[in-house]
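Residue-level structural notes
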Protein chains: 2
Amino acid sequence: MSDPRVNSVTEASRKGSDLHLDLRQTGSRRAALADALREAVRTGRLTPGTRLPPYRTLAVDLGVARNTVADAYAELVAEGWLTARQGSGTRVAERIAAKTPHGPKKAQVEPARPTHDLRQGRPDATSFPRTAWAAAARRAITAAPHDAFGPGDSRGRPELRHALADYLGRVRGVRTTPDHIIVCSGFAHALRLLFGGGVLSGPVAVESYGLPFHRSLLATAGVRTVPLGLDDQGTRTDALGTNPATTGGSGARAVLLTPAHQFPTGGPLHASRRTTAVDWARTRGGVVLEDDYDGEFRYDREPVGAVQGLDPHHVVYLGSVSKSLSPALRLGWMVLPPHLVDAMLAAKGEREAWVGVTDQLTFAEFVASGNYDKHIRRMRQRYRVRRNRLVEVLAERAPHIDITGIAAGLHALLRLPTGTEASTLGAATGNGIAVDGLATFRHPDTDVPHRDGLVIGYATPAEHRYSAALDALCGVLPLPRA
Amino acid sequence: MSDPRVNSVTEASRKGSDLHLDLRQTGSRRAALADALREAVRTGRLTPGTRLPPYRTLAVDLGVARNTVADAYAELVAEGWLTARQGSGTRVAERIAAKTPHGPKKAQVEPARPTHDLRQGRPDATSFPRTAWAAAARRAITAAPHDAFGPGDSRGRPELRHALADYLGRVRGVRTTPDHIIVCSGFAHALRLLFGGGVLSGPVAVESYGLPFHRSLLATAGVRTVPLGLDDQGTRTDALGTNPATTGGSGARAVLLTPAHQFPTGGPLHASRRTTAVDWARTRGGVVLEDDYDGEFRYDREPVGAVQGLDPHHVVYLGSVSKSLSPALRLGWMVLPPHLVDAMLAAKGEREAWVGVTDQLTFAEFVASGNYDKHIRRMRQRYRVRRNRLVEVLAERAPHIDITGIAAGLHALLRLPTGTEASTLGAATGNGIAVDGLATFRHPDTDVPHRDGLVIGYATPAEHRYSAALDALCGVLPLPRA
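Remember, predicted model here, so these are calculated numbers, not experimental data.

**Notes on the overall build of chain A**
- Check the secondary structure of chain A and you find 13 helices and 19 strands.
- By residue count, 59% of the 482 residues in chain A fall in the buried class.
- Restricting the contact set of chain A to residue pairs at least 6 apart, pairs at least 24 apart contribute 71%.
- Surface accessibility of chain A: about 18900 Å² in total, with carbon and sulfur atoms responsible for 51%.

This is how it looks when you write it as structure tokens:
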């Protein structure tokens, strides 16, 4: 009230309480009075049932026109703050809950941030190409046709679908046209739509190791998952359909694979297993779901092309920018066999694009301008250096720990001595290291023998924190057996 | 092949066919050869079963190292394009489907674009503030903390939730804190999550008129909708719970309302009906769902504040930028009673932000910088002029047609003579006018008498096409009864 911009009056209500109405001097008098009255009710200074002064009285007190007071009262009556009844004047409504809700008193939702973050699945958040992305956004927003800001195409912007058809064909060997691409908010969204939306049905054959999050999404959609075996040629797609016992006796209708880089054990799917999966789908009317989550990141030779290229009519190819740019963009895509496009559009909702138009147009521009290739090359080089550093550090400080799955991707698998995974994870947590154990990813029904291991997401830390993270990791690895 | 950058050789395969391999001269020889081979298989020039020439032969033909050929073959074998068997050499795999899928041959998914678009629910797409938005995007992307590009907070970015709590409090009278706001991709997404995700359950009392899309979303989630009556004070919330017959005898658990501007009939909800709805929710343990779809657009007086302000513990407030900026941004928000926050986070998926981080940060910056208020003011002025023009034109050319619901929003309701709605819509379609009839929005179970009408979305056309659209509309309106 010592603020010179604020008028203050004291008004004796019928209940005898003193009411201060602080009117800001900016804006209209009516709005200022209405705000001040609302605030007085909100804070409980004007209690339910309190009768407000007549227009004239308050108008004189505040030095405003009588109509200003009448209008402000009417506004609050219309909003339900006040009631006006013939003969009883204007009163504070009885039902106003005076308190605004406050934040939850329980513990913060976010867990404490670890000192060293080696969890898998996250690209280095400090490496997001801000400048190039902002420049692409400006170009894309400026150049967009007007209809881009209208209701839009639920398959996604045509600019983006064209850019993706070209890019995926060139880099991943995907064979498709823009008409068979549908933009979505990421792999999980695609999985929800495919199975929750009735496009496909289960059971789904899955790999012995995979993200529990994906399995639980399928379970929520009422889809049973049946694990396939795993050997040195990768997932046992040869067991699909040929041996009913292996697929639970019920026969899978689809198989979910990570062919370029098995997640998280790290090997590629052998050529014969790739073709076996496609042959199964073709002869049994099944569908291969190809999760190409990190296909661009292969270090020791060129990427292995997508299985989709072998048979675009029987493979659903799923990709996103979550590993290549950022999971925070929520931008992914499905490449569908032609016969599934309409069912997917129905499942997706014809009105719903899900991904914002500016990100779609920006990414289309980012790809078409070559900035995406440039970013991938830069990150591939950076992650390769990190991977090499991990291998070197382990060779030096923990030569008894095998490391596998290092030819590609953003993570590697450390094999631990039998029975040491849980204690190693405990030691990691105790030392501020966030890292995932291999057991987390194991399908509960698999008969693949359990192996102890750590899945190391070497892309996750910021560049300047990577050495310290490796150092900390070596400090908690089990010692060699005597 | 006349392209001087391309090497071309003719290779006689074992089948005697001539094979042209066009190698681009950029990039590595191995990659160029692999691409050329893939292309040859794709296009069917190399047919399944065809045996490829030995490494040495092809190497000599192409003038490349023998290892280059061996590596390219190995890559295609790994991808499943080729097979290599001891003693039979390298052959094109049998299972390759030669054809890339082509676009659907059926009619285009998009209907023909109308000459005049007067459909409701769409802001003028030409008015999107591109320059200001791109500038806000640059500022937001540049200033964002690194963790913005990490996995993120599934409630939405804190910057945005803070900006929304301030903005909604100031402009719409919403009382909340950032902890009770959850960002989503729009109203439909919120409805899916609330009822499909088990946060709330039905039956849901709804207005006699509303979007059929919303009713069908609820039906898909297995939720029965029960229509409330409608009179000159707005939706009959006084019938909630007090009269079991009116709510279908089963008692609604929630009520979905458009209090600021009934959609599409256009009146505000009377103060007594607002408080009645909140009282019902409080005494019966129900929830009011407040669809504040166009609350900022009120022309003849200040906006009516949100019902949520009356009782933040019993109202779910839902808003978006779909009317104020663009439906293509897919950006909306829920303001939740504290006790529903955890259930909503579980329904939403704790890993899934749904809305891209750049749009979230950009909109936060857009609001905090005052650009959003500025844009709303500009559009309010523009739409007010359009509304006035609509009223004037009708007064002049069709004075027998009543117009209602004009105090707010982006649409108005024209009352048509009884029995003329269908024929008027037919005439409109025949004259290239897209417009919705009132019957589309009527709940199938309501006992409110049917009235003929047109819902005119006067915000939809581009500025320079508005006069022509009104002119065309007047041309198809029914003539006065003799």
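The rest of the description comes next.
**Overview of the domain arrangement of chain A**
- Each assigned domain of chain A is listed here: domain 1 (6-92), domain 2 (117-121 + 374-476) and domain 3 (129-368).
- Between domain 1 of chain A and domain 3 of chain A, the C-alpha centre-to-centre distance is 60 Å.

**Concerning the side chain of Lys323(A)**
All names here are of chain A.
- Mapped onto the fold, Lys323 is located in the loop between strand 13 (315-320) and strand 14 (332-335).
- Look at Lys323: it is buried, it has no salt bridge, and the nearest opposite charge is Asp291 at 7.2 Å.
- If we skip the residues at most four places from it in the chain, Lys323 touches Gly121, Pro123, Tyr293, Asp294, Phe297 and Leu410.

**Focus on empty space enclosed by the protein**
- Taken as a whole and assessed by the stated rule, the structure comprises nine cavities of 30 Å³ or more.
- Estimated volume of the largest cavity: approximately 80 Å³.
- Lining the largest cavity are 14 residues, and of these Ala328(A), Gly152(B), Ala353(B), Val357(B) and Gln360(B) sit closest to its centre.
- Class assignment of the residues belonging to the lining of the largest cavity gives a composition of seven nonpolar, four polar and three charged.

**Points about the interface of chain A and chain B**
- Counting residues at the interface gives 88 residues for chain A, matched by 87 residues for chain B.
- Here chain A and chain B share an interface that buries about 7500 Å² over both sides, 56% of which is from carbon and sulfur atoms.
- Inspection of the chain A/chain B interface yields zero salt bridges.
- Where chain A meets chain B, there are 14 residue pairs in polar contact (both at pLDDT 80 or more).
- Breaking the side of chain A that touches chain B down by element, the ones donating at least two residues are helix 1 (29-42), helix 3 (66-79), helix 4 (130-143), helix 6 (187-196), helix 8 (271-284), helix 9 (341-348) and helix 10 (357-368) of chain A.
- Broken down by element, the residue count for the side of chain A that touches chain B peaks at seven residues, all from helix 4 of chain A.
- Grouping the amino acids of the side of chain A that touches chain B by side-chain chemistry returns 35 nonpolar, 23 polar and 30 charged.

**A few points about the relation of the copies chain A and chain B**
- When chain A is fitted onto chain B, the two copies agree to an RMSD of 0.1 Å after a turn of 180 degrees and an axial shift of 0.0 Å. The superposition operator between the copies reduces to a two-fold rotation axis.
- Most of the interface of chain A is mirrored in chain B: 99% of its interface residues are interface residues there too.

**Remarks on the sheet that holds strand 19 (residues 453-457) of chain A**
All names here are of chain A.
- If you trace the four strands from one edge of the open sheet to the other, you get 15-16-19-18, paired in antiparallel fashion. Across the chains shown, the open sheet's two edge strands, defined by having one partner strand only, are strand 15 (402-404) and strand 18 (436-437).
- Here strand 15 pairs with strand 16 (residues 411-415) via three bridges, running antiparallel. Residue pairing in the sheet places Thr404 in a bridge with Leu413 of strand 16.

**A short note on the pattern of salt bridges**
- Enumeration according to the criterion identifies 48 salt bridges over all chains in this entry.
- Here Asp117(B) makes a salt bridge to Arg119(B), at a shortest N to O gap of 2.9 Å.
- Salt bridges here are not isolated pairs; linked through shared partners, they connect Arg30(A), Asp35(A), Arg38(A) and Glu75(A).

**A word on the sheet that holds strand 6 (residues 181-184) of chain A**
Residues and elements named next belong to chain A.
- Strand order in the open sheet made by the seven strands is 6-14-13-12-11-7-8, with mixed pairing throughout. Edge positions in the open sheet fall to strand 6 and strand 8 (225-227), since each of these has one partner strand only. The sheet shows a mean angle of 20 degrees between the axes of neighbouring strands, taken without regard to direction.
- Bridging between strand 6 and strand 14 involves four bridges; their strand directions are antiparallel. Residue pairing in the sheet places Cys184 in a bridge with Gly332 of strand 14.
- Sheet strands in contact with helix 8 are strand 11 (254-257), strand 12 (287-291) and strand 13, and its direction is about 145 degrees off that of strand 12.

**Quick word on the packing of aromatic side chains**
- All told, the structure shown has 25 aromatic pairs over all chains when counted by the stated rule.
- Through a chain of ring-to-ring contacts, three or more aromatic side chains come together here, namely Phe128(A), Trp133(A), Tyr167(A), Trp333(A), Phe363(A), Phe366(A), Tyr372(A) and Phe149(B).
- Here the guanidinium or amino end of Arg386(A) rests over the ring plane of Tyr466(A), the centre of that ring lying 5.2 Å away.

**Focus on the environment of Gly319(B)**
- By secondary structure assignment, the location of Gly319(B) is in strand 13 (residues 315-320).
- Taking C-alpha positions, Gly319(B) is 21 Å from Ile406(B), a pair spaced 87 residues apart along the chain.

**Quick notes on the environment of Asp124(A)**
Residue and element names in this part refer to chain A.
- Mapped onto the fold, Asp124 is located in the loop between strand 5 (116-117) and helix 4.
- The sequence separation of Asp124 and Ala462 amounts to 338 residues, and the corresponding C-alpha distance is 5.7 Å.
- Each residue touching Asp124, except ones within four places of it in the same chain, is listed here: Arg382, Tyr383, Arg386, Ala459, Thr460, Pro461, Ala462 and Glu463.

**So, the packing of helix 4 of chain A against helix 4 (residues 130-143) of chain B**
- Two numbers describe how helix 4 of chain A lies on helix 4 of chain B: the axes approach to 9 Å, and their chain directions differ by 170 degrees. The orientation of helix 4 of chain A relative to helix 4 of chain B falls into the category roughly antiparallel. Taking contact as the criterion, the partners of Arg130(A), Trp133(A), Ala134(A), Arg138(A), Ile141(A), Thr142(A) and Ala143(A) in helix 4 of chain A are, on helix 4 of chain B, Arg130(B), Trp133(B), Ala134(B), Arg138(B), Ile141(B), Thr142(B) and Ala143(B).
- Taken together, the residues of the contact of helix 4 of chain A with helix 4 of chain B sort by class into eight nonpolar, two polar and four charged.

**Observations regarding the confidence of the model for chain A**
All names here are of chain A.
- In the predicted model, chain A carries a mean pLDDT of 87, and the fraction of residues at 70 or more is 89%.
- Across residues 1-18, confidence stays below pLDDT 50; counting only partners more than four residues off in sequence or on other chains, it has 37 contacts.
- Low pLDDT, under 50, characterises residues 244-250; the stretch is placed with 14 contacts to residues that sit more than four places away or in other chains.
- Scored by ipTM, the complex comes to 0.81, with pTM at 0.82.

**Topic: helix 8 (residues 271-284) of chain B**
- With 14 residues, helix 8 of chain B should cover 20 Å at 1.5 Å per step; its first-to-last C-alpha distance of 20 Å lies within 8% of that length.
- Every buried residue of helix 8 of chain B is listed here: Ala271(B), Arg273(B), Arg274(B), Thr275(B), Ala277(B), Val278(B), Trp280(B) and Ala281(B).
- Elements that come into contact with the buried residues of helix 8 of chain B comprise helix 3 of chain A together with strand 9 (230-231), strand 10 (234-235), strand 11 (254-257), strand 12 (287-291) and strand 13 of chain B.

**Some words on helix 7 (residues 212-220) of chain A**
Residues and elements named next belong to chain A.
- Taken as a whole, helix 7 has its buried residues at Phe213, His214, Arg215, Leu217 and Leu218.
- Contacts made by the buried residues of helix 7 are with helix 6, strand 8 and strand 12.
- Once helix 7 ends, the next one or two residues include Gly222, with phi positive near 75 degrees.

**Let's talk about unusual backbone geometry**
All names here are of chain A.
- Looking along the chain, the bond that leaves Phe263 and enters Pro264 is cis, with omega of 0 degrees.
- Within the fold, Pro264 resides in the loop between strand 11 and helix 8.
- Backbone geometry at Arg330 places phi at a positive 50 degrees, although glycine is not the residue there.
- Topologically, Arg330 is positioned in the loop between strand 13 and strand 14.

**Structural notes on the packing of helix 6 (residues 187-196) of chain B against helix 7 (residues 212-220) of chain B**
Residue and element names in this part refer to chain B.
- One way to put it is that helix 6 packs onto helix 7 with a least axis distance of 9 Å and a crossing angle of 25 degrees. Taken as axis vectors, helix 6 and helix 7 run roughly parallel relative to one another. In this structure, helix 6 crosses over helix 7, and the sense of that crossing is right-handed. Across from Phe187, Ala188, Leu191, Arg192 and Phe195 in helix 6, the residues of helix 7 making contact are Phe213, His214, Leu217 and Leu218.

**A look at the pairing of strand 19 of chain A**
Residues and elements named next belong to chain A.
- Of all five residues in strand 19, five are buried; the element is thus mostly enclosed.
- Every second residue of strand 19 is oriented toward a common face, with Gly453, Val455 and Gly457 on one face and Leu454 and Ile456 on the other, all of them buried.
- Bridge count for strand 16 against strand 19 is five bridges, and the pairing is antiparallel. Its bridge partner being in strand 19, Arg415 is matched across the sheet by Gly453.
- Pairing geometry for strand 18 and strand 19, over two bridges, is antiparallel. Along strand 19, the bridge assignment pairs Asp436 with Val455.

Reading the values: the criteria
- Residues numbered from 1 in each chain as written.
- Chains lettered and ligands numbered in written order.
- Predicted model: local features only at pLDDT ≥ 70, side-chain atom pairs only at ≥ 80, totals over all residues.
- Heavy atoms only, no water.
- Helix = DSSP H or I, 4+ residues; strand = E, 2+ residues; numbered from the N terminus.
- Buried < 20%, exposed > 50% of the residue type's maximum accessible area, 1.4 Å probe, protein only.
- Contact = heavy atoms within 4.5 Å.
- Areas by Shrake-Rupley, 256 points an atom, 1.4 Å probe, with all protein chains shown as cover.
- Domains from an automatic or database assignment.
- Lys, Arg positive; Asp, Glu negative; His and termini not counted.
- Salt bridge = Lys/Arg side-chain N within 4 Å of Asp/Glu carboxyl O.
- 1 Å grid on protein atoms, 1.4 Å probe; cavity = no way out; pocket = protein on both sides within 12 Å on 5 of 7 lines; lining within 4 Å.
- Points joined across faces, edges and corners; volume = space filled by probe spheres on them.
- Nonpolar A, V, L, I, M, F, W, Y, C, P; charged D, E, K, R; others polar.
- Buried area = accessible area lost by both parts, 1.4 Å probe.
- Polar contact = N/O pair within 3.5 Å; in protein donor to acceptor, adjacent residues only side chain to side chain.
- Least-squares fit on C-alpha atoms with pLDDT ≥ 70 in both.
- Pairing = 2+ DSSP bridges.
- Axes fitted to C-alpha atoms, helices over the stretch in contact; angles between N-to-C directions.
- Phe/Tyr/Trp six-rings, centres within 6.5 Å; stacked < 30°, edge-to-face > 60°.
- Lys NZ or Arg CZ within 6 Å of the ring centre and 35° of its normal.
- Parallel < 35°, antiparallel > 145°, perpendicular 65-115°, else oblique.
- pLDDT = per-residue confidence, 0-100.
- Expected span 1.5 Å × (residues − 1).
- Left-handed = near helix turned anticlockwise from the far one by under 90°.

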